[in-house]
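# Secondary and tertiary structure notes
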Amino acid sequence: MAFNKKQKTAAEYVEAILRGDRILLGRAITLVESKKAEHQKLAQEIIEKCLPRSGNSIRIGITGSPGVGKSSFIETFGTYLIEKQKRRPAVLAIDPSSQVSRGSILGDKMRMEKLSTNDHAFIRPSPAGTSLGGVAAKTRETMLLCEAAGFDTILIETVGVGQSEVAVHGMVDFFLLLLLPGAGDELQGIKRGIVEMADLIAINKADGERTALAKSARKDYAQALHLFPPKESGWTPKAVTCSALQKDGIENIWKLILDFQKQINESGWFKNNRQQQAKNWFYDLLEQGLKRLFFTKKEIAEKLQSVENEVLEGRLAASKAANGLLELFTNKPPF
Ligand code: GDP
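Residues numbered from 1 in each chain as written. Predicted model: local features only at pLDDT ≥ 70, side-chain atom pairs only at ≥ 80, totals over all residues. Heavy atoms only, no water.

## What about the domain arrangement of the chain?
Selection criterion: Where each domain begins and ends is defined by an automated method or by a domain database. Note on definitions: a residue-residue contact is assigned when non-hydrogen atoms from the two residues lie within 4.5 Å. The quantity reported as buried area is the accessible area (1.4 Å probe) lost by two parts once they are put together, taken as the sum for both. Salt bridges are identified by distance alone: a Lys or Arg side-chain nitrogen within 4 Å of an Asp or Glu carboxyl oxygen. Residues adjacent in sequence count toward polar contacts only when both atoms are side-chain atoms; beyond that, a polar contact is any pair of N or O atoms within 3.5 Å, and within protein one must be able to donate a hydrogen and the other to accept it. Helix and strand assignments come from DSSP, with helices taken as H or I runs of at least 4 residues and strands as E runs of at least 2, each series counted from the N terminus. Polar here means any residue other than Ala, Val, Leu, Ile, Met, Phe, Trp, Tyr, Cys and Pro, which are nonpolar, and Asp, Glu, Lys and Arg, which are charged; Gly is therefore polar.
Assigned domains of the chain: these are domain 1 (1-53), domain 2 (54-267) and domain 3 (281-329). Domain 1 puts 20 residues into the contact, and the matching count from domain 2 is 22 residues. In terms of surface lost to domain 2, no three residues of domain 1 exceed Arg-22, Ile-29 and Glu-33, which account for 34% of the buried area on that side. At the surface where domain 1 touches domain 2, the tally comes to one salt bridge. Residue Glu-33 pairs with Arg-124 through a salt bridge whose shortest N-O separation is 3.2 Å. The interface formed by domain 1 and domain 2 includes nine residue pairs in polar contact (both at pLDDT 80 or more). Sorting the residues of the side of domain 1 that touches domain 2 by element identifies helix H1 (10-18), helix H2 (22-33) and helix H3 (37-50) as the ones contributing at least two each. A per-element tally of the side of domain 1 that touches domain 2 places H2 first, with eight residues. Classifying every residue of the side of domain 1 that touches domain 2 by side-chain character gives eleven nonpolar, five polar and four charged.

## Some thoughts on helix H11 (residues 250-267)
Let me state the cut-off plainly: For a helix, the expected span equals 1.5 Å multiplied by the residue count minus one. Residue exposure (1.4 Å probe, protein chains only): buried if accessible area is under 20% of the type maximum, exposed if over 50%, otherwise partly exposed. Here, the arc refers to the directions that run from the helix axis to the C-beta atoms.
Relative to the 26 Å expected for 18 residues at 1.5 Å per residue, H11 spans 26 Å between its end C-alpha atoms, a close match to the ideal helical length. Where H11 is concerned, the buried positions are Ile-250, Ile-253, Trp-254, Leu-256, Ile-257, Phe-260, Gln-261 and Ile-264. The arc that holds the buried residues of H11, viewed along the axis, is 160 degrees, so those residues lie on one side. Turned more than 90 degrees from where H11 packs its buried face, Glu-251, Lys-262 and Glu-266 sit exposed. Of the residues flanking the end of H11, it is Gly-268, one or two places downstream, whose phi is positive at about 90 degrees.

## A word on the sheet that holds strand S7 (residues 238-241)
What counts here: In this description, strands pair whenever DSSP reports at least two bridges between them.
Read across the sheet, seven strands follow the order S3-S2-S4-S1-S5-S6-S7 without closing on themselves; strand pairing throughout is parallel. Of all the strands in the sheet, the pair left with one neighbour each is strand S3 (122-123) and S7.

## Things to note about the pattern of salt bridges
Within this structure, the stated rule accounts for twelve salt bridges. For Arg-19, the salt bridge is made with Glu-15, and the minimal N-O distance between the two is 2.9 Å. Judged by its relative accessible area of 44%, Glu-15 falls in the partly exposed class. Notably, a salt bridge pairs Glu-147 with Arg-59, separated by 2.7 Å at the nearest N-O pair. With Glu-147 in helix H7 (residues 132-148) and Arg-59 in strand S1 (residues 58-64), the pair connects residues that are 88 residues apart, well separated along the chain. Neither residue differs from the other here; Glu-147 and Arg-59 are each classed as buried.

## Examining the pairing of S7
Our working rule: Whether a crossover is right-handed comes down to one check: with the strands pointing away from the viewer, does the path from the first strand over the helix to the second run clockwise; if it does, it is right-handed.
For strand S6 (residues 200-203) and S7, the ladder comprises four bridges, and the chain directions are parallel. The residue bridging Ala-202 from the neighbouring strand is Val-240, located in S7. For the crossover from S6 across helix H10 (residues 211-227) to S7, the handedness is right-handed.

## Quick look at the pairing of S6
The two faces of S6 match: Leu-200 and Ala-202 on one face and Ile-201 and Ile-203 on the other face are all buried. Across four bridges, the pairing between strand S5 (residues 174-179) and S6 is parallel. Bridge pairing links Leu-179 to Ile-203 in S6.

## Observations regarding the site of the ligand
For clarity, the cut-off: Proximity is defined per residue: any heavy atom of the residue falling within 4 Å of a molecule or strand makes that residue near it. The method behind every accessible area is Shrake-Rupley, applied with a 1.4 Å probe, and residues are considered shielded solely by the protein chains displayed.
The ligand sits among 16 residues. The nearest are Gly-67, Lys-70, Ser-72, Arg-111 and Asp-207. Between Gly-67 and the ligand, the recorded distance is 2.8 Å, taken from a backbone N or O atom to an oxygen atom. Protein contact buries 73% of the 580 Å² of open area that the ligand shows by itself.

## Some remarks on the packing of H7 against helix H12 (residues 269-296)
Applied cut-off: To get an axis, a line is fitted to the C-alpha atoms, and for a helix only the part in contact is used. The angle between two axes follows their N-to-C directions and goes from 0 to 180 degrees. Orientation is classified from the angle alone, with under 35 degrees giving roughly parallel, over 145 giving roughly antiparallel, 65 to 115 giving roughly perpendicular, and any other angle giving oblique. In this scheme the crossing of two helices becomes right-handed for a clockwise turn of the near helix relative to the far one and left-handed for an anticlockwise turn of less than a right angle.
At a closest axis distance of 11 Å, the pairing of H7 and H12 adopts a crossing angle of 135 degrees. Between H7 and H12, the angle falls in the class oblique. Seen along the crossing, H7 lies across H12 with a hand that is left-handed. Facing H7, whose interface residues are Gly-133, Ala-137, Arg-140, Glu-141 and Leu-144, H12 presents Gln-277, Trp-281, Leu-285 and Gln-288. Within the contact of H7 with H12, the residues separate by chemical class into four nonpolar, three polar and two charged.

## Remarks on unusual backbone geometry
Note: most residues except glycine have negative phi, and most peptide bonds are trans. Phi at Lys-86 is positive, roughly 55 degrees, even though this residue is not glycine. What makes Lys-86 exposed here is its relative accessible area of 68%. Residues other than glycine seldom take positive phi values, yet Lys-247 does so here, at roughly 60 degrees. Mapped onto the elements, Lys-247 comes out in the loop between S7 and H11. The exposed category is assigned to Lys-247, whose relative accessible area is 55%.

Encoded structure:
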């Protein structure tokens, strides 16, 4: 850059975000994702000021194995929400593989061509991070900023093959699992636990010659869902078919999400769940912070390798080694 633009103040960022300024929203998210201490300080100030204006949205997690049609679905669904429901969707992603593959989800903007150029939508690729926990924390904070900027439907995409969907489940109200017609979930790399987390299973690509297959898959899943224990939310998960390509079944999915929202608002679960999620988040951050403090403390970093070697060689018991380092960290015996 030819000259260094003066960094804006937190108040300036907040004012712009609340006005719905997407450029400054994007820059604030870059601060959230930055590892620089001064950026983090500013980001935290912005988040704190935006917090009272956040939360007013429906948060939807979307998962499914690569190729199931997540991007296509979000493109169609997001466009439907804008055009027919006057909603403002923000699309975020949690993709722990993105450090390796340079952003396999949402990285390629062409995948949501229409949505990414729509003024009423906001799309942000997965942040690069060192750990799933780190990436998830950034996504949570990003979500709050998007809500403060007036985005009322948050879509968080993740690949349904690892731990990331557990993290997403912990930050959304509604969890949508996309599956393909004709292949069992094990074959699609989807674990039973993920099927169990779903509030809605949508068999995508229910078009052309796959229509019949999709319908029978839907029936099978509808039956299988009945065998799972009832959900804490009181909601009975459903199975439907859709086609992101033909734009079929999209309205029905939105209708089900609204039914869900109505039900959990009335039962009080919506508020309880958000509180519980905030509490879990708080404790996660404490744990992450403690770990960071521990491993970056000079005295610990200096001794860690040699203590590890002693454990490896069997000269020191793991418990004694751990207690010794904790004592060094706190300056007092751990018990
Ligand atoms: P993702 O990896 O889960 O994000 O999947 P994509 O959205 O990139 O889709 C993978 C492929 O499936 C692309 O070639 C899409 O055009 C295709 N696809 C997605 N949705 C549908 C659908 O509803 N019907 C059909 N026939 N193809 C689809």
